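Spelled out from the first residue to the last, the chains are:
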Amino acid sequence: MQLKTKHLLGLENVSSSDIQSILDTAVSFKQVLERPIKKVPTLQGKTVVNLFYENSTRTRISFELAEKRLSADSVNFSVSGSSVSKGETFKDTVRNIEAMKVDMIVVRHGSAGVPQYLTKISDSVVINAGDGIHEHPTQALLDMYSIREKLGKLEGLKVCIVGDIAHSRVALSNIFGLQAMGAEVSVCGPATLIPRNIGDLGVKVIHNIDEAIQENDVLNILRIQLERKARAAFPSTREYHKYYGITKERMEKNKKDVLLLHPGPINRGVEISSEMADGEHQIILEQVTNGVAVRMAILYLLGTRQGEDN
Amino acid sequence: MQTLLKNLRIIDTTLNIDQKADILIDNGLIEKIGTDIEVNDWNVDIHDLSGCIAAPGFIDIHVHLREPGREDEETVVSGCMGAAAGGFTAIASMPNTDPAADAAEIIESIITKSEKTPVDVYPIGAATIERKGEVLAPIGELVEAGAVAFSDDGVAIKTAGILRRVMEYASMYNAPVIEHCEDESMAGGSMNEGFNSTRFGLTAIPPIAEELTVARDIMMAEYTGAKVHIAHISTAKAVQLVREGKAKGIKVTAEVTPHHFTLTDDSLADYDTNFKMNPPLRTKDDVAAMIEGLRDGTIDCIASDHAPHSIEEKEMEFEYAPNGILGLETTLGLTLNNLYHQGVLSIPQIVEKLVVNPRNILGIPVPVIREGEKANLTIFDPEKEYKVRVAGFKSKSRNSPFDGHTLKGAPVAIFNKGKLVLSQVSG
């Protein structure tokens, strides 16, 4: 299962056959995770650097575990703040890391386009672990894996991404990935949290959460960003919860069996009530487990890929 | 010292001339214009310029010289040499230096430094102290020192209240107010807001941020009777607002940069910071509106918004890189390549947009090609094809998205201040 893509920068330009390969490969790695000895020698001798310019707990740990379980040598390089405040340019940092002879770089950065920039200044295989408000392809792949595992397919499913679409990198990757796999994607949230031109991507825009629940098979509920800029875009978390929060009453009122995903971390009582976050519809913790398997698949497929062509 | 420029096509729209002739220059003055001028003196510097056009010297009225403050990026002298290489005999310099050009000494110092170069510099003074939009700059003193217009370029004049004062005060000197149109409360993004910003995940500046300020400025120009010049216009609606303002007889003029009539925000797919500027590259429809505005006269002139930045500053994560690209050494090539050869503008119309209109906006004398006048000439070859080679630029900086582009139409030389300066842009 040779991937066409050499790096994983985003899902916009990744083919459906590549996505299929990643999801299928992840199935066997998930079986590895269920064994008593959760380790395979697949990437022995390969060095992976986790280059994180933004705080992240779950994504970094998920990658780290995936790397260790594939027997790769992995190093974490965390930089808080931008390269500007740190004094060394991003390019110099990358060159230093490369001088230590690495094979793959997993990068998380607050500025969109950094993974792409990285491919120009480095020879390593680059995996995007989230860039600004652009893409977070591994999250979308694990979301798709989880949906497929639960519902048996992606094609023809109706998936709605709920919440802060404008400040989310998860949304865009999910839109591109799900559309490539034949799902029908919509977004739901207050107008101020939905990018003006999102409809041009072939995505339906819904402002009423009840409508979103009734119309869809899956809701992917995004975290509401509580930082200043995003906060200025809606009146209060109380109002958000009242009109967009996923609650038991709302689900019962709509009498619909909907699968609930959440990429975490959860703001309980804001985008989802505690009851629902722990309830029967959700697969939030399974997503986390699947995240390791999916990242193992990505690291394996890109780390062992032969040839230069994209 | 005599110079004989042979076999030129002379185009001077002020004098309504379009003729083939030789020009003999003596001591910086046009001695004689005629066909087959013969000289027997071996001392005369003779150039055969068959295929070239001579026009009155081109002016670029939107140039960022980085002196004082960032002499590592550009100085008055290096900027002037870039201008000469790009076919300009004059430039107007923007006041967003460090410190800002809000004091007579700074204006005088820029002019003094430019005197040793072949290019005339017309400084634009800051409209307000430190370009902060709070206190009027000493506009009278700045005019006396040589400032020809006023602007807080980099930003719009902050509030309607101070804009009114600037316009009223500058009107006494008949000086235009040049506006960088961008509503502050909607500013701050890295690219145009639209389909592409959604795809690329970059923070975005909506077109309406420009249009709101254009509308404000035109209304204020009407109210005060002042002259307002819209710098680097970039959206279709902004062009329409200027068109309507002109139809009402309001004193509004506008310039467009070569990148805004050439490129769209599709270019940002690679996150190359050499495509990052403010106003940002817009859409295909906006580019079409720039072309239409140039054609119907709504857009009076072409100006480069030459904005040098160091390599260290541009080689950066996209969102952190500064805005702006070089323009002096590509403007003429892009204008000929994309406007003349595409049938948008004729050569006389291009001369209007690079020679006559920009000087009329600033209220400075327009050079003419006539015996007895000072020789102030731009010589260019509209048919010459070449590859843009940024490494050879006279500017101190290298931030151009056009490196390696093939263009048809090149500057060949300028003649100003008694000297012929050959261009190497197309070398």
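Scroll up for the structure.
The paragraphs below set out a description of the structure included in this document. Predicted model, so just to flag it, every value in this text is computed and none were measured. By convention here, each chain's residues receive numbers from 1 onward along its written sequence. The naming scheme follows written order: chains are lettered A onward, ligands numbered 1 onward. A pLDDT threshold of at least 70 governs which residues receive local features in this predicted model, and a stricter bar of 80 or more applies before side-chain atom pairs are shown or counted, although totals over entire chains, interfaces and linings include all residues. Values reported for side chains reflect all heavy atoms of the structure, with hydrogen atoms and water molecules removed beforehand.

### Re the overall build of chain B
Segments assigned H or I by DSSP are reported as helices when at least four residues long, segments assigned E as strands when at least two residues long, and all are numbered from the N terminus. Secondary structure summary: chain B contains 11 helices and 18 strands in total. C-alpha atoms define the radius of gyration, and 2.2 Å times the number of residues to the power 0.38 defines the globule rule. The C-alpha atoms of chain B give a radius of gyration of 21 Å, which matches the 22 Å a tight globule of 427 residues would have. Considering only C-alpha atoms, chain B reaches an extent of 65 × 45 × 45 Å along its principal axes. By the burial criterion, 62% of the 427 residues in chain B qualify as buried. Only heavy atoms matter for contacts: two residues are in contact if any of them lie within 4.5 Å across the pair. Restricting to contacts in chain B with at least 6 residues of sequence separation, those with at least 24 account for 74%. Only four residue types enter the tally: Lys and Arg on the positive side, Asp and Glu on the negative side, with His and both chain ends excluded. Lysine's charge is taken at NZ, arginine's at CZ, aspartate's at CG and glutamate's at CD. Charge separation in chain B, taken as the distance between the mean sites of 39 positive and 63 negative side-chain charges, equals 2 Å. Burial classes follow relative accessibility: with a 1.4 Å probe on protein chains only, a residue under 20% of its type's maximum area counts as buried, one over 50% as exposed, and anything between as partly exposed.

### Notes on the packing of aromatic side chains
How two aromatic rings sit relative to each other is set out by the distance from centre to centre and by the angle between their planes. A pair of Phe, Tyr and Trp rings is counted when the ring centres sit within 6.5 Å of each other, with Trp represented by its six-membered ring. The angle between the planes then sorts it: under 30 degrees is stacked, over 60 is edge-to-face, the rest tilted. All chains considered together, the criterion is met by 10 aromatic pairs over all chains. Put simply, the rings of Tyr53, Phe90 and Tyr117 of chain A pair up and form one aromatic cluster.

### A word on the layout of surface pockets
In this approach, a probe sized like a water molecule rolls over the atoms, and the result shows the empty space that is left. All names here are of chain B. What the second largest pocket holds in volume is close to 530 Å³. Note on definitions: the grid is 1 Å and covers protein atoms alone; a cavity is a set of points where a 1.4 Å probe fits but cannot get out; a pocket is an open set with protein on both sides within 12 Å along at least five of seven lines; lining residues have an atom within 4 Å of a point. Lining the second largest pocket are 31 residues, with Arg66, Asn96, Gly154, His309 and Asn323 positioned closest to its centre. By residue class, the composition of the lining of the second largest pocket is 7 nonpolar, 15 polar and 9 charged. Grid points are joined across faces, edges and corners, and a volume is the space filled by probe spheres set on the points. In the scheme used here, Gly and all other residues not listed as nonpolar or charged are polar, with Ala, Val, Leu, Ile, Met, Phe, Trp, Tyr, Cys and Pro taken as nonpolar and Asp, Glu, Lys and Arg as charged.

### Examining the interface of chain B and chain A
Taken residue by residue, the interface counts 18 residues in chain B and 25 residues in chain A. Buried area adds together the accessible area that both of two parts lose upon being put together, with accessible area traced by a 1.4 Å probe. Summing the contributions of chain B and of chain A, the shared interface buries around 1900 Å²; its carbon and sulfur component is 55%. Of all residues in chain B, the largest losses of buried area upon contact with chain A belong to Thr198, Arg199 and Glu317 of chain B, amounting jointly to 31% of the total for that side. Put simply, a salt bridge is a Lys or Arg side-chain nitrogen that is within 4 Å of an Asp or Glu carboxyl oxygen. Residue glutamate 12 of chain A is joined to arginine 199 of chain B by a salt bridge in which the shortest nitrogen-to-oxygen separation is 2.5 Å. Here a polar contact is taken to be a pair of N or O atoms separated by no more than 3.5 Å, where protein atoms must pair a possible hydrogen donor with a possible acceptor and residues adjacent in sequence count only if both atoms sit in side chains. If you look at where chain B meets chain A, you find 9 residue pairs in polar contact (both at pLDDT 80 or more). Of the residues in the side of chain B that touches chain A, the class split is 8 nonpolar, 4 polar and 6 charged.

### Details of the sheet that holds strand E8 (residues 218-221) of chain A
The strands making up a sheet are joined through hydrogen bonds of the backbone, oriented either antiparallel or parallel. All names here are of chain A. What the 5 strands build is an open sheet, ordered E7-E6-E5-E8-E9; its pairing is parallel. The strands lining the two open edges of the sheet, one partner per strand, are strand E7 (204-206) and strand E9 (259-261). Each strand of the sheet is rotated relative to its neighbour by a mean of 25°, with strand direction disregarded. If DSSP finds at least two bridges between two strands, the strands pair. Direction of pairing for strand E5 (residues 158-162) relative to E8: parallel, over a ladder of 4 bridges. Its bridge partner being in E8, valine 159 is matched across the sheet by valine 218. All axes here are fitted lines through C-alpha atoms, helices being fitted over the stretch that makes contact, and every angle between N-to-C directions spans 0 to 180 degrees.

### Re a nonpolar patch on the surface
Residue and element names in this part refer to chain B. For patches, a residue must show more than 30% relative accessible area and have no salt bridge; joins then use 9 Å for like charges and 5 Å for nonpolar side chains, namely Val, Leu, Ile, Met, Phe, Trp and Tyr. Note on areas: Shrake-Rupley with a 1.4 Å probe; residue coverage comes only from the protein chains shown. A cluster of nonpolar side chains, Tyr169, Met172 and Tyr173, forms an exposed patch at the surface whose accessible area comes to about 310 Å². Along the polypeptide, methionine 172 turns up in the loop between helix H4 (160-171) and strand E10 (177-179). Here methionine 172 falls in the exposed class, since its relative accessible area comes to 57%.

### Some details on the nonpolar core
In this text, buried Ala, Val, Leu, Ile, Met, Phe, Trp, Tyr and Cys residues form a nonpolar core when linked through side-chain atoms within 4.5 Å. Residues Ile91, Ile230 and Ile233 of chain B are the most contacted members of the largest nonpolar core, which totals 73 residues. Per-element tally for this core: the top contributor is helix H11 (residues 347-362) of chain B, with 6 residues. Composition of this core by domain shows at least three residues from each of domain 1 (2-54 + 370-422) and domain 2 (58-362) of chain B. The contacts of isoleucine 233 of chain B, once residues within four sequence positions are left out, are Glu210, Ala238, Val239, Val242, Ala254, Glu255, Val256, His260, Met290 and Ile299 of chain B. Counting residues in hydrophobic clusters, the runner-up holds 63 residues, among them Phe176, Met181, Leu222 and Val294 of chain A. Here the bounds of each domain stem from an automatic or database domain assignment.

### Looking at the pairing of E8 of chain A
Residues and elements named next belong to chain A. Going residue by residue along E8, you find Val218 and Asn220 tucked away on one face and Leu219 and Ile221 tucked away on the opposite face as well. The pairing of E8 with E9 spans 3 bridges and is parallel. Bridge pairing links leucine 219 to leucine 260 in E9.

### What about the pairing of strand E1 (residues 2-12) of chain B?
The two faces of the sheet receive side chains in turn, since in a regular strand these alternate between them. Residue and element names in this part refer to chain B. Most of E1 is tucked away, with 8 of its 11 residues classed as buried. Judged from the 9 bridges that link them, E1 and strand E2 (residues 17-26) form a sheet pairing that is antiparallel. Counterpart to leucine 8 in the pairing with E2 is alanine 21. As consecutive antiparallel partners, E1 and E2 are separated by 4 residues, and within that stretch asparagine 16 has a phi angle of approximately 60°, a positive value. Sheet topology note: the E1/strand E4 (residues 45-48) ladder contains 4 bridges and is parallel. Opposite leucine 5, over in E4, you have histidine 47 as the bridge partner. Sheet topology note: the E1/strand E5 (residues 53-56) ladder contains 2 bridges and is parallel.

### Some words on helix H4 (residues 90-99) of chain A
The periodicity of an α-helix, 3.6 residues per turn, causes residues three or four places apart in sequence to face the same way. Residues and elements named next belong to chain A. Regarding H4, the residues found buried are Phe90, Lys91, Thr93, Val94, Ile97 and Glu98. For H4, the angular spread of the buried residues around the axis is 160°, confining them to a single face. Backbone geometry just after H4 places lysine 101 at a positive phi near 65°. The arc under discussion is defined with respect to the helix axis, by the directions toward the C-beta atoms.

### Things to note about the side chain of serine 190 of chain B
Residues and elements named next belong to chain B. Following the sequence through the fold, serine 190 ends up in the loop between E10 and strand E11 (191-192). A polar atom in the side chain of serine 190 sits 3.2 Å from the side chain of glutamate 319. When neighbours within four sequence positions are excluded, serine 190 is seen to be in contact with Thr203, Ala204, Lys276, Phe318 and Glu319.

### Examining the pattern of salt bridges
All names here are of chain B. Going through the model one piece at a time under the given rule, you end up with 37 salt bridges over all chains. We note a salt bridge from glutamate 184 to lysine 158, for which the minimum N-O separation is 4.0 Å. Residue glutamate 184 is found in the loop between E10 and E11, and its partner lysine 158 is found in the loop between strand E9 (149-151) and H4; the two are separated by 26 residues along the sequence. Overall, the relative accessible area of 55% leaves glutamate 184 in the exposed class. The salt bridge involving aspartate 300 is made with lysine 246; its shortest N-O contact spans 2.6 Å. A residue pair is termed long-range when its members are at least 10 positions apart, and aspartate 300 in the loop between helix H8 (284-296) and strand E15 (301-302) and lysine 246 in helix H7 (residues 236-247) qualify at 54 residues. For aspartate 300, a relative accessible area of 12% corresponds to the buried category. Among the charged side chains, a network of salt bridges with common partners joins Arg66, Arg70, Asp72, Glu73 and Glu313.

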